[in-house]
Amino acid sequence: MGKIIAIANQKGGVGKTTTAINFCASLAHRGKKVLLCDCDPQGNATTGMGVDKNQVKSIYDVMLRDTDPEKVIIKTKYGDILPSNRELVGANVELVDMENREFVLRKALLPLKMDYDYIIIDCPPSLELLTLNAFTAADTVLVPVQCEYYALEGLSDLVGTIKLINGKLNPALRIEGLVLTMYDGRTRLSEEVADALRQHFGDKVYETYIPRNIRLSEAPSHGKPCIAYDKLSKGTRAYLHMANEFLKRQ
């Protein structure tokens, strides 16, 4: 039985999609069978895995048109993907009137847990029905945290959301861990944010930091995870270390 991990942070610009893509590819590189489920209407994780989001069916078809996910999944060299595209923008409105609207994604993904070691969900950067669906489907939440003080404020909102989900929709949901992104060891701020997180969350904070790295920024424009774009870059090595740390924690 596989594990479903939602990658989420209600604050945008924290490296959430970059983490989803490169974490997926790093786990696949370690021999794990991985599915990346793109639940962000922007579809950046889809293009970052080398898939043309305008030419394929998407998670929208699975959730709103009852399409078999096996017919939507696309296999890549970096792991499989359930793509997203512009159609998903309307999902929040269409889901509102559906019965058990928070459980639509869970219903679609549960049968796939037998086929994968890990299913990774890239969530939108806001609390909406798509994010609630991801949290209801997931076993755990992995939280990328940018090394700045505003990120700490957003994190408290996310923790509150998870507690609400625990009470009403998914009692078993827990935090998998927190990963510091855009880390710059030359700055005092990065160290201070890391220390503050460890004081509040202890060993939930990963020892691996994801550095600011130009290769991580360039890779999506080439439709590749960083491991395929530049396997020797600092960004690639960081995500491989993070995947190793994740697997050891399991």
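Residues numbered from 1 in each chain as written. Predicted model: local features only at pLDDT ≥ 70, side-chain atom pairs only at ≥ 80, totals over all residues. Heavy atoms only, no water.

Draft legend 1. Examining empty space enclosed by the protein more closely. Enumeration over the complete set of coordinates arrives at 1 cavity of 30 Å³ or more. Around the largest cavity, the lining residues are Thr-18, Ile-21, Asn-22, Gly-48, Leu-216, Ala-219, Pro-220, Lys-224, Pro-225 and Cys-226. Ranked by residue count, the leading element in the lining of the largest cavity is helix H1 (residues 16-29), at 3 residues. The residue inventory of the lining of the largest cavity, partitioned by class, reads 6 nonpolar, 3 polar and 1 charged. (1 Å grid on protein atoms, 1.4 Å probe; cavity = no way out; pocket = protein on both sides within 12 Å on 5 of 7 lines; lining within 4 Å. Points joined across faces, edges and corners; volume = space filled by probe spheres on them. Helix = DSSP H or I, 4+ residues; strand = E, 2+ residues; numbered from the N terminus. Nonpolar A, V, L, I, M, F, W, Y, C, P; charged D, E, K, R; others polar.)

Draft legend 2. Spatial organisation of the nonpolar core. Grouped together as the largest cluster of nonpolar side chains are 51 residues, with contacts concentrated most on Ile-59, Leu-82, Leu-105, Leu-109, Ile-121 and Phe-135. Ranked by residue count, the leading element in this core is helix H6 (residues 129-137), at 6 residues. By size, the runner-up hydrophobic cluster in this structure holds 31 residues, among which are Ile-21, Val-34, Leu-36 and Leu-142. (Core = buried A, V, L, I, M, F, W, Y, C linked by side-chain atoms within 4.5 Å. Buried < 20%, exposed > 50% of the residue type's maximum accessible area, 1.4 Å probe, protein only.)

Draft legend 3. Seen up close, the layout of surface pockets. Of the voids in this model, the largest pocket is the one considered here, and its volume is about 320 Å³. In this structure, the largest pocket is lined by 18 residues; those nearest its centre are Gly-15, Thr-18, Met-182, Leu-216 and Ser-217. Elements that contribute at least two residues to the lining of the largest pocket include exactly H1, helix H2 (44-48) and helix H9 (214-218). Ranked by the residues each element gives to the lining of the largest pocket, the list is headed by H1, at 4 residues. A per-class count over the lining of the largest pocket returns 7 nonpolar, 10 polar and 1 charged.

Draft legend 4. Fine view of the sheet that holds strand S1 (residues 3-7). Strand order in the open sheet formed by 7 strands is S3-S4-S2-S5-S1-S6-S7, with mixed pairing between adjacent strands. Both outer strands of the open sheet, strand S3 (74-76) and strand S7 (174-181), are each paired with one neighbouring strand and no more. Pairs of neighbouring strands in the sheet enclose a mean axial angle of 25 degrees, with direction left out of account. Here strand S2 (residues 34-38) runs beside strand S4 (residues 79-82); their pairing, made up of 3 bridges, is parallel. (Pairing = 2+ DSSP bridges. Axes fitted to C-alpha atoms, helices over the stretch in contact; angles between N-to-C directions.)

Draft legend 5. The arrangement of the packing of aromatic side chains in detail. A full pass over the atoms with the stated rule returns 3 aromatic pairs. Ring geometry for Tyr-183 and Tyr-209: centres 4.1 Å apart, planes at 35 degrees, overall tilted. You can see Tyr-183 sitting in the loop between S7 and helix H8 (188-201) and its partner Tyr-209 sitting in the loop between H8 and H9, a full 26 residues away along the chain. Its relative accessible area of 11% is what places Tyr-183 among the buried residues. Through successive ring pairs, a cluster of aromatic residues spans Phe-23, Tyr-118 and Phe-246. Positioned over the ring face of Tyr-116 is Lys-33, at 5.1 Å from the centre of the ring. Arg-249 extends its terminal NZ or CZ atom over the ring of Tyr-206, reaching a point 4.1 Å from the ring centre. (Phe/Tyr/Trp six-rings, centres within 6.5 Å; stacked < 30°, edge-to-face > 60°. Lys NZ or Arg CZ within 6 Å of the ring centre and 35° of its normal.)

Draft legend 6. Just the pairing of strand S5 (residues 118-122), in detail. For S5, a buried count of 5 out of 5 residues is recorded, marking the element as mostly surrounded by other parts of the structure. Here S5 shows two buried faces, one formed by Tyr-118, Ile-120 and Asp-122 and the other by Ile-119 and Ile-121. Two elements, S1 and S5, share 5 bridges in a ladder whose sense is parallel. Bridge pairing in S5 links Ile-7 to Asp-122. Bridge count for S2 against S5 is 5 bridges, and the pairing is parallel. Bridging across to S5, Cys-37 finds its partner in Ile-121.

Draft legend 7. A look at the packing of helix H7 (residues 149-168) against H8. Running from amino to carboxyl end, H7 crosses H8 at an angle of 25 degrees, the nearest separation of the two axes being 10 Å. If you check the angle between H7 and H8, you find them roughly parallel. In terms of crossing hand, the pair formed by H7 and H8 is right-handed. Taking contact as the criterion, the partners of Tyr-149, Leu-152, Leu-155 and Val-159 in H7 are, on H8, Leu-189, Glu-192, Val-193, Ala-196, Leu-197 and Phe-201. Among the residues forming the contact of H7 with H8, the class breakdown is 9 nonpolar, no polar and 1 charged. (Parallel < 35°, antiparallel > 145°, perpendicular 65-115°, else oblique. Left-handed = near helix turned anticlockwise from the far one by under 90°. Contact = heavy atoms within 4.5 Å.)

Draft legend 8. The pattern of salt bridges, seen in detail. Inspection of the entire model under this criterion finds 12 salt bridges. The closest approach of N and O atoms between Arg-65 and Glu-87, which form a salt bridge, is 2.8 Å. Here Glu-87 lies in the loop between S4 and helix H4 (91-95) and Arg-65 lies in the loop between helix H3 (59-64) and S3, a separation of 22 residues in the sequence. Residue classification places Arg-65 among the partly exposed residues on the basis of a relative accessible area of 44%. Given a relative accessible area of 34%, Glu-87 falls into the partly exposed group. (Salt bridge = Lys/Arg side-chain N within 4 Å of Asp/Glu carboxyl O.)

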